[in-house]
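# Inside the fold
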Amino acid sequence: MEKKEAERNLAEIRRMLKETEEEVRQIAINGVDYQLLWGFLVLIGLGVNFLFLKMMFFIWIPVEWFFIMAIGWFFSHRLTKREFKRSGVITYIGKAVGIVWFATSIGIVLVILLALITKSFNPELIPVFISILLGIAFFIESFLLSWHLLSFASPLFWIGAIIMAIFPDYSMLIYLGLIILTMILPGIVLKLRHKGDKKRNDRF
């Protein structure tokens, strides 16, 4: 009797572990949409930023970035609502990942605000501090999701932050490269891989 009870308990533990693994995998897949959304928004923002610098419209640069952040928050909220409608639940891990990125976005806004209102803050260092914050967020997310593909993003952002601090004149180009390498390219690769897996599963 005790043996049967132990086997039932073991089977239940295995079932729970499998469900948790599937839940984490689904959160990782859904996270790609956020990654691509913010990656392309930042890419557009950097392009507009470059034009404003060329035309010497310096006053519009912070306005542009707050506008980019507002668009990102709006569409991120829409993605979250879409996912909730699809699954009907918001998991603990999903909440944790969301809180990490919400806190990171607040930190980025504070960095931009400090650069505007504090004379002792060098605006050229904005990409440096943002890269440090993004590196922390990617590090925590990769740990929560056990996602090895994300784990390389953190050291890249931190190394990039050091290089940008040493060569501030090239910070925009370096930051652009970081966004492409850590957000856009991995996002596209994961999307294509997921689409391929889905087709194979549908076939069988």
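Reference entry: report on the structure contained in this document. Note that the structure is a prediction, hence the values are computed from the model and not measured.

This brings us to the environment of V100. Mapping V100 onto the fold places it in helix α3 (residues 92-117). We classify V100 as buried; its relative accessible area is 16%. Separated by 41 residues in sequence, V100 and E141 have C-alpha atoms that sit 7.6 Å apart. In this view, V100 contacts A137, I140 and L144; residues no more than four positions away in its chain are not counted.

What the rule picks out here adds up to 4 aromatic pairs. Here W101 and F138 contribute two aromatic rings whose centre-to-centre distance is 5.1 Å and whose plane-to-plane angle is 80 degrees, an arrangement assigned as edge-to-face. With W101 in helix α3 and F138 in helix α4 (residues 126-145), this pair connects stretches of sequence that are 37 residues apart. Here F139 and W158 contribute two aromatic rings whose centre-to-centre distance is 6.0 Å and whose plane-to-plane angle is 40 degrees, an arrangement assigned as tilted. With F139 in helix α4 and W158 in helix α6 (residues 153-166), the pair connects residues that are 19 residues apart, well separated along the chain. These aromatic residues form a ring-pair network of at least three members: W101, F138 and F157.

Along the chain, E64 falls in helix α2 (residues 60-87). Buried E64, no salt bridge; nearest opposite-charge side chain is K54, N-O distance 15 Å. What E64 contacts, discounting residues up to four positions off in sequence, is G45, L46, V48, N49 and F52.

What counts, and where the lines are drawn
- Residues numbered from 1 in each chain as written.
- Predicted model: local features only at pLDDT ≥ 70, side-chain atom pairs only at ≥ 80, totals over all residues.
- Heavy atoms only, no water.
- Helix = DSSP H or I, 4+ residues; strand = E, 2+ residues; numbered from the N terminus.
- Buried < 20%, exposed > 50% of the residue type's maximum accessible area, 1.4 Å probe, protein only.
- Contact = heavy atoms within 4.5 Å.
- Phe/Tyr/Trp six-rings, centres within 6.5 Å; stacked < 30°, edge-to-face > 60°.
- Lys, Arg positive; Asp, Glu negative; His and termini not counted.
- Salt bridge = Lys/Arg side-chain N within 4 Å of Asp/Glu carboxyl O.

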